[in-house]
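Structural overview for review
So the chains spell out like this:
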Amino acid sequence: MNPPSSAVWPRRLSVLMVEDNRLDAELNEARLAMLDCELELTLVDTEAAFRAQLASKRFDVILSDFMLPTFSGVEALSIARAEAPETPFIFVSGVLGEEHAVEMLKQGATDYVIKQRLQRLPMTVRRAVTEADERRNRIRAESALREYETGFRLLVNALKDYAVISLDRHGRILSWNGAAERLLGFRADDVVGKSAGRLFGADGSGDREVMTSIGIAEHQDSHVRETWMRGRDNEEFFASIVTTAIRNDAGELIGFSKIIRDTTEARRAADALRTAKEEAEAANAAKDRFLAMLS
């Protein structure tokens, strides 16, 4: 087994040991000293002391004998799972048979080491602590990702003037924000899972439009197009459409986004300005012809 990276393996290992035999505790400590870290060992042998330690600090690992005079490893496991569920729990016992060991694993124990094979203890502790740390990091990362996705979804839904649509690699709609519903007239339930081509025409031209835009975006990362569109109520509007390729960290294509904005007013203003310019140019040309005739 390869040793964990320094970013994962702690410089100081905090161990809570449930053991009533001082000699066995010293043997365990001697084995743990083989680990490449500073050892901080806390020894308890009663339920009250065990609960008090769990309440007072966080431990990297719990080592427990299976049988104690006034307290059992089964009880210790139950308490640990309730009060410190993320902390690895390893049985170190000379009387833990295979049947009991399997049952303890089912109840939440991380692993077990037979005292007659105590040389396995450092490797077992190292693996358990490393896996627990990786699991905590993964949970934190997943939580951060969920928070990011929630924030991003709220941000996208708050955009009032931009319809934001995500597509899979084949042009099928995956998500649809509130602005898309207002602008295009379809509810998310009506379009999610269906081809985005229906937004651009029902005679097959819409599918061609979508496949062309995502094909260009795949090779050029993005594609911009301006065109007239119709919503479900058949009201026409002039749209600016930006199609962007979405890739994962490895650069693999996983889908596309389409951002659609209603630019009808700007288009009509530009058309009016162009018409006025053409009319002025025509008037000037007529005036020039008239003056030429007079001369």
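Because the structure is predicted, anything quoted here is derived from the model rather than measured.

Conventions used here
Residues numbered from 1 in each chain as written. Predicted model: local features only at pLDDT ≥ 70, side-chain atom pairs only at ≥ 80, totals over all residues. Heavy atoms only, no water. Axes fitted to C-alpha atoms, helices over the stretch in contact; angles between N-to-C directions. Helix = DSSP H or I, 4+ residues; strand = E, 2+ residues; numbered from the N terminus. Parallel < 35°, antiparallel > 145°, perpendicular 65-115°, else oblique. Left-handed = near helix turned anticlockwise from the far one by under 90°. Contact = heavy atoms within 4.5 Å. Nonpolar A, V, L, I, M, F, W, Y, C, P; charged D, E, K, R; others polar. Expected span 1.5 Å × (residues − 1). Buried < 20%, exposed > 50% of the residue type's maximum accessible area, 1.4 Å probe, protein only. Arc of directions from axis to C-beta. Phe/Tyr/Trp six-rings, centres within 6.5 Å; stacked < 30°, edge-to-face > 60°. Lys NZ or Arg CZ within 6 Å of the ring centre and 35° of its normal. Patch = residues over 30% accessible without salt bridge, like charges linked within 9 Å, V, L, I, M, F, W, Y side chains within 5 Å. Areas by Shrake-Rupley, 256 points an atom, 1.4 Å probe, with all protein chains shown as cover. Salt bridge = Lys/Arg side-chain N within 4 Å of Asp/Glu carboxyl O. Pairing = 2+ DSSP bridges. Core = buried A, V, L, I, M, F, W, Y, C linked by side-chain atoms within 4.5 Å. pLDDT = per-residue confidence, 0-100.

1. Regarding the packing of helix α2 (residues 47-56) against helix α3 (residues 73-83)
- Running from N to C, α2 and α3 cross one another at 20°; their axes reach a closest spacing of 11 Å. In this view, α2 runs roughly parallel relative to α3, as classed from their interaxial angle. The handedness of the crossing between α2 and α3 comes out as right-handed. Contacts from E47, F50, R51 and L54 of α2 reach α3 at A76, I79, A80 and E83.
- For the contact of α2 with α3, a count of residues per class yields five nonpolar, no polar and three charged.

2. Digging into helix α8 (residues 205-220)
- Along its 16 residues, α8 runs 22 Å from first to last C-alpha, staying within 8% of the 22 Å computed at 1.5 Å per residue.
- Within α8 the residues assigned to the buried category are G206, E209, V210, S213, I214 and A217. Each buried residue of α8 sits inside an arc of 115° when the element is viewed along its axis, so together they form one side. Residues of α8 that are exposed and point more than 90 degrees away from the buried face comprise R208 and H219.
- In the core, the buried residues of α8 are packed alongside β6 (162-167), β8 (222-230), β9 (236-247) and β10 (253-262).
- Just beyond α8, the residue with positive phi is D221, at close to 75°.

3. What about the packing of aromatic side chains?
- One pass over the full model with this rule turns up four aromatic pairs.
- Ring centres 5.1 Å apart and planes at 65° place the aromatic pair W228 and F238 in the edge-to-face group. Here the residue W228 occupies a position in strand β8, and F238 occupies one in strand β9, the gap between them amounting to 10 residues.
- Three or more aromatic residues joined by ring pairs form one cluster here, namely F66, F89 and F91.
- Over the ring of F238 we find R267, and its NZ or CZ is 4.4 Å from the ring centre.

4. Quick word on a nonpolar patch on the surface
- Taken together, L159, Y162 and I259 make up a surface patch of nonpolar side chains, about 220 Å² in accessible area.
- Within the secondary structure, Y162 is located in strand β6.
- Using a relative accessible area of 36% as the deciding quantity, one classes Y162 as partly exposed.

5. Brief notes about the sheet that holds β8
- Reading across from one edge, β7-β6-β10-β9-β8 is the order of the five strands in this open sheet, with antiparallel pairing throughout. Each edge of the open sheet is held by one strand with a lone partner, namely β7 (173-176) and β8. When strand polarity is set aside, the average angle formed by the axes of neighbouring strands in this sheet is 25°.
- For β9 and β10, the ladder comprises nine bridges, and the chain directions are antiparallel. Bridge pairing links R247 to L253 in β10.

6. A word on the nonpolar core
- I165, W176, L184, L199, M229 and I260 are the most contacted members of the largest nonpolar core, which has 23 residues in total.
- At the level of secondary structure, the elements contributing two or more residues to this core comprise β6, β7, α6 (178-184), α8, β9 and β10.
- Top contributing element to this core by residue count: β9, with four residues.
- M229 has contacts with L184, L199, F200, E235, E236, F237, A239, I241 and I260, leaving out every residue within four places of it along the chain.
- Judged by nonpolar contacts, the second largest core, of 22 residues, contains L16, F59, L68 and F71.

7. Digging into the pairing of strand β1 (residues 12-18)
- With six of its seven residues buried, β1 lies for the most part within the structure.
- As paired strands, β1 and strand β3 (residues 61-64) are joined by four bridges and run parallel to one another. Bridging from a neighbouring strand, L16 pairs with I62 of β3.

8. As for the environment of I139
- In this fold, I139 is placed in helix α5 (residues 121-158).
- In sequence terms I139 and N28 are 111 residues apart; their C-alpha atoms lie 31 Å from each other.

9. Topic: the confidence of the model for the protein
- Across the protein, pLDDT averages 85, with 93% of residues at or above 70.
- Across the protein, element-level confidence peaks in β3 with a mean pLDDT of 96 and bottoms out in helix α9 (residues 264-294) with 75.
- Below pLDDT 50 for its whole length, residues 1-7 participates in five contacts with residues either more than four positions away or in separate chains.

10. Re the sheet that holds β3
- Strand order in the open sheet made by the five strands is β2-β1-β3-β4-β5, with parallel pairing throughout. Looking at strand neighbours, the two that pair on one side only are β2 (38-44) and β5 (111-114), the edges of this open sheet. Across this sheet, the average inter-strand angle for adjacent strands is 25°, counted without regard to direction.
- One ladder, built from seven bridges, connects β1 with β2; its direction is parallel. By the bridge assignment, M17 is partnered in β2 with L43.

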